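Overview (structure and organization)
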Amino acid sequence: MRGLPVGGPYIVTVQDSVNGSKTVNDVYLKLGETLNLPLMLEQAQIEKIAVTGSRILNPNYGGKGPASNFNLADLQDAPAINRDIKDVIKIDPRIYLDAGNNDGIQCAGANPRFNSLTVDGVRMNDNFGLNSNGYPTERIPFSFDAISQVAVELAPFDVKYGGFTACNINAVTKSGSNEFSGSVFFDYTNDSLQGDKIEGQSINIGDFSEKRYGINMGGALVKDKLFFFAAYEKLEGADTFERGAEDSNAAVRVRGVTQAQLDEIARIARDVYGFEPGSFPASIPVEDEKLLLKLDWQINDTHRAALTYNYNDGYSIAESDSGSTRIEFSNHYYERGAEFTSFVGQLFSDWSDNFSTEVRLGWSELDARVNPLGGTEVGEIQITIPNDGSFTAPVVFLGADDSRHANKLKYDTTFMRIAGTYVLGDHIITAGFEREQYDVYNLFIQEAEGEFYFGSISDFEQGLANRIIYENAGITNNPQDAAATFKYAVNTLYLQDEYFFYDYDLTLTYGLRYDWYTSNDQPVLNPGFEGLYGFSNQQNLDGEGLLQPRFGFNWGASDQLEVRGGIGYYSGGNPNVWLSNNYANNGVTQIESQLGATNLFEIPHTGSGRPLIDIPQSLFDDVASGVGRVGGLNVLDPNFKLPSEWKYALGATYTFDSEYVLLADLLYTKKKDAATIVDLSRVQTGTAVDGRPIYGSSNGRRQDFMLTNVDGDSGKTVSFSTSVLKSYDFGLDWALAYAYNKAEDVNPMTSSVAFSNYANVAVSSTEAPDVARSNYDIPHRFTLKVGYKHEFIDGYATKFMLFGTHNKGRPFSYVFDNTDDSRRPDQNFLNSAFGDTVNTDRHLVYVPTGVNDPNVTFDGALADPARQAAFFAMLDETGLSKYAGQIAPRNEFDSDWFTKFDLRIEQEVPGFYDNHKGSVYFMIENLGNLLNDDWGVMKEASFPRMQAVVDATLNNDGTYTYRNFRTPAGQSLVADASLWTMRLGVKYKF
């Protein structure tokens, strides 16, 4: 039974002319798994039928690798307050939703960009790699009510699965049937249905309301032949914001910035420069709209076809610079949205009792937009607010964010799959070919309207900029001329055999998958590059391929014990945006020029000569003449290999006589050729006293970034999970689960831009970082699910569902404070002393053994014995003292534990007609915070997970001088995740 829709119920009948027949009712097909269903005929002759799952006690029955499966009831009953499959799959303890970053899905400690989302077997990924949520759109790209089942597979050993190294999230849409049915819903929340207090502190959440509504229906256009299903959903809501001055009642108060200072900056912007900076709103309206249409055609008994159309258009309001030491005016925010359209066609054919085929064709288009709320007339402005040096100076942002000055993305994806299955005795042989082609248009020029740095509010008023950056298309100064356009395709061949040993209740799956890239597009030639580095910048992935062997097994050791496992090789999930950097930033089509300390009121500007609005004439002329700063291009390593991972899994399920079910899974992942960024211009010129290398330029250039592979160990992940579950006849069911995770990497590759991927990782060596704990590692996570269903009113169920999660917080690092020479040029610039070409506070701190440590001289404020005592007390308090005499490792410190409970209560009510039912429900997210504002509070070290603790200089002999210690910024409150929210809703089924 292959090629049938998931769900059910199906009726399975086995007939034999000699031994009679046998029928089994209520067989349900489960996504991604195979159930071996033994049937006993009259003469003790046994036939084996392969189906895809059924509703039995073991939720992972028939699986070969670590996975979670969620059926329609799971989706409908979960407290899915966001109407997103993420609300459901998070109950798996191996899956962590990053509440501080758009609920990005982290599977067993992996980067969310390395996941794959497939819908009806066709990828619906964030193919370009800009979004942290894993979707191509701002929210889930399809209606929540359109989905019938979801599976999350961390290591599927079936060769048909590819394009990921973290996990594959597989969803299947509903289909119509002969009976017309559907439902409508409406739910609502507003500021009065959300918490406004955390740990005794009142929070300004503003005034807002949010409503969602939708309809889905399905039925037969031609009975037994042609069926339809449709689902529509719309959100009219609001995004909330939590950042404010230190003396405000905002949820997150930025230390070192007062409301009076922000008011003064706003006055200067309006009165001196003549533009509106915006304000600090608590909420801003947003919208999202989704539509899915599906036709299923039962052509005849042996052929079936399906066609699905999906559309989504929605946006959110995003902050650009929201770290713990940053605050921005609202006109620096931007609308982040996308319009997504897709078509998928499928044809399933049974050509004989033994041979069947499947053909899938898909096309999708994404048209993304990023529009600053204040427009792009004003460039980005950064104003540092100085302090006494005891903590990191905060920065105020206004104007248009530098990454939105010239930014437009549009791409389409074309997909095809042709696969065949042949049953040969107890062998099921599968072979197939796939091709996925990407056609990308990406315009991305930072600082196209200028970026202006000021060292104080006074400097801002007087027009005294420390640094000015301008970048645009060379010669023309027209951003459109610097857009990157390129195409490439990923091709796949696979062959697999699934063999069933009936006598041992053992299924073996083994096969090969081969992926290879084809592309005719190359970056624009930079004629001077090869002379500098010995190879051309015109590199692409054409011809790169990877053979991926897979082996999996499922063994029914007894009626109560099932054992599963396997070994597999995987590749994919590396974002296209990393390739796009090399097409756009080639050193020819885009030119950047800079000015140092400048009085804006004393230099000529383009246009009408308005500072901050028009561009300094000298910078404009530099770009027009093709003259820019030395360095600053991106290139692909000519020897780049496709990053890959070996996965080894072993798991078991035991069902007790009392119907308790115990599951356990161990997953070991070994990374190979992981992606990273290096600066080609760097060569080692020395070594500091603590062993870290010191670099310099080999050719007078800087920031020539190459996308390459890690040389040597790329890291590994160990994930162990266990769960116990139980269902009772009186309507109660529960599941308790735990996952241990230890994930390592060299570079977490947190960004879409080469510069940020290079800069936003804590290091002791910029060009050869060590393997260390990953930014995505959540070492301990517990989950609890409790459901109860009872008809207090005959025929009308009351349902309760509680989800609980409890996990250790995100890791972070302690680093040196890097005094940015663009703002305080009189100070030593530590990053420059190390030979680093970026200004980020990212160099892991050396921890002195005491005041007499020969590697450290205490000077400046730290020459004071009292200040020294405070410094060493801070080392003890933070746990840094355990690394005395060495460099503190990356990510060896954890944010606080976080506990959260979500609740859904639903009551069925009579409908207006026979076989109709209504229901009323409410959901509470973060029930603990509703009961006590000290509960359910989430705090974590903010991105990029690095805390500066000491202002230091590097001496000529490689030792350090520590001048002042910074009080670490500490953990930031994640207000949106910490405040309780309630939604009230109604639903009507017909």
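Nothing here was measured: the structure is a model prediction, and the numbers come from that model.

**Regarding empty space enclosed by the protein**
Enumeration according to the criterion identifies 15 cavities of 30 Å³ or more in this entry. Estimates place the volume of the largest cavity at around 590 Å³. Elements with a contribution of two residues or more to the lining of the largest cavity: strand E8 (116-119), strand E27 (427-445), strand E30 (484-501), strand E31 (506-518), strand E32 (545-556) and helix H6 (576-584). Quantified by volume, the second largest cavity comes out at close to 270 Å³. Taken together, 24 residues line the second largest cavity, and the ones lying closest to its centre are Phe-114, Glu-645, Lys-671, Ala-674 and Asn-747. Contributing elements (two or more residues each) for the lining of the second largest cavity: strand E37 (644-655) and strand E38 (661-672). Partitioned by chemical class, the residues of the lining of the second largest cavity number eleven nonpolar, eight polar and five charged.

**Overview of the domain arrangement of the protein**
Buried accessible area, meaning the area lost when the parts come together, often serves as the stated size of an interface. Considered domain by domain, the protein is made up of domain 1 (7-51) and domain 2 (67-449 + 483-587 + 631-674 + 710-745 + 779-809 + 979-985). Placing the centre of domain 1 and that of domain 2 at their C-alpha centroids yields a distance of 36 Å.

**Description of the pairing of strand E59 (residues 981-989)**
Here six bridges tie strand E12 (residues 181-190) to E59, and the two strands are oriented antiparallel to one another. Bridging across to E59, Val-184 finds its partner in Tyr-988. Of the pairings in the sheet, the one linking strand E54 (residues 917-925) to E59 comprises nine bridges and is antiparallel in character. Note that in E59 the partner of Glu-925 across the bridge is Thr-981.

**Things to note about the state of the cysteines**
One pass over the structure, following the stated rule, counts one disulfide. The partner cysteine of Cys-107 in its disulfide is Cys-167, sulfur to sulfur 2.1 Å. Here Cys-167 lies in the loop between strand E10 (147-153) and strand E11 (168-173) and Cys-107 lies in strand E7 (residues 104-107), a separation of 60 residues in the sequence. Grouping residues by exposure puts Cys-107 and Cys-167 together as buried.

**Structural notes on the pattern of salt bridges**
For the coordinates displayed, the defined rule picks out 56 salt bridges. Here Arg-267 and Asp-271 are joined by a salt bridge, their closest N and O atoms 3.9 Å apart. Residue Arg-267 and its partner Asp-271 are located together in helix H3 (residues 259-273), separated by four residues, close to a single helical turn. On the accessibility criterion, Arg-267 (30% relative accessible area) is partly exposed.

Definitions and limits used
Residues numbered from 1 in each chain as written. Predicted model: local features only at pLDDT ≥ 70, side-chain atom pairs only at ≥ 80, totals over all residues. Heavy atoms only, no water. 1 Å grid on protein atoms, 1.4 Å probe; cavity = no way out; pocket = protein on both sides within 12 Å on 5 of 7 lines; lining within 4 Å. Points joined across faces, edges and corners; volume = space filled by probe spheres on them. Helix = DSSP H or I, 4+ residues; strand = E, 2+ residues; numbered from the N terminus. Nonpolar A, V, L, I, M, F, W, Y, C, P; charged D, E, K, R; others polar. Domains from an automatic or database assignment. Pairing = 2+ DSSP bridges. Disulfide = S-S within 2.5 Å. Buried < 20%, exposed > 50% of the residue type's maximum accessible area, 1.4 Å probe, protein only. Salt bridge = Lys/Arg side-chain N within 4 Å of Asp/Glu carboxyl O.

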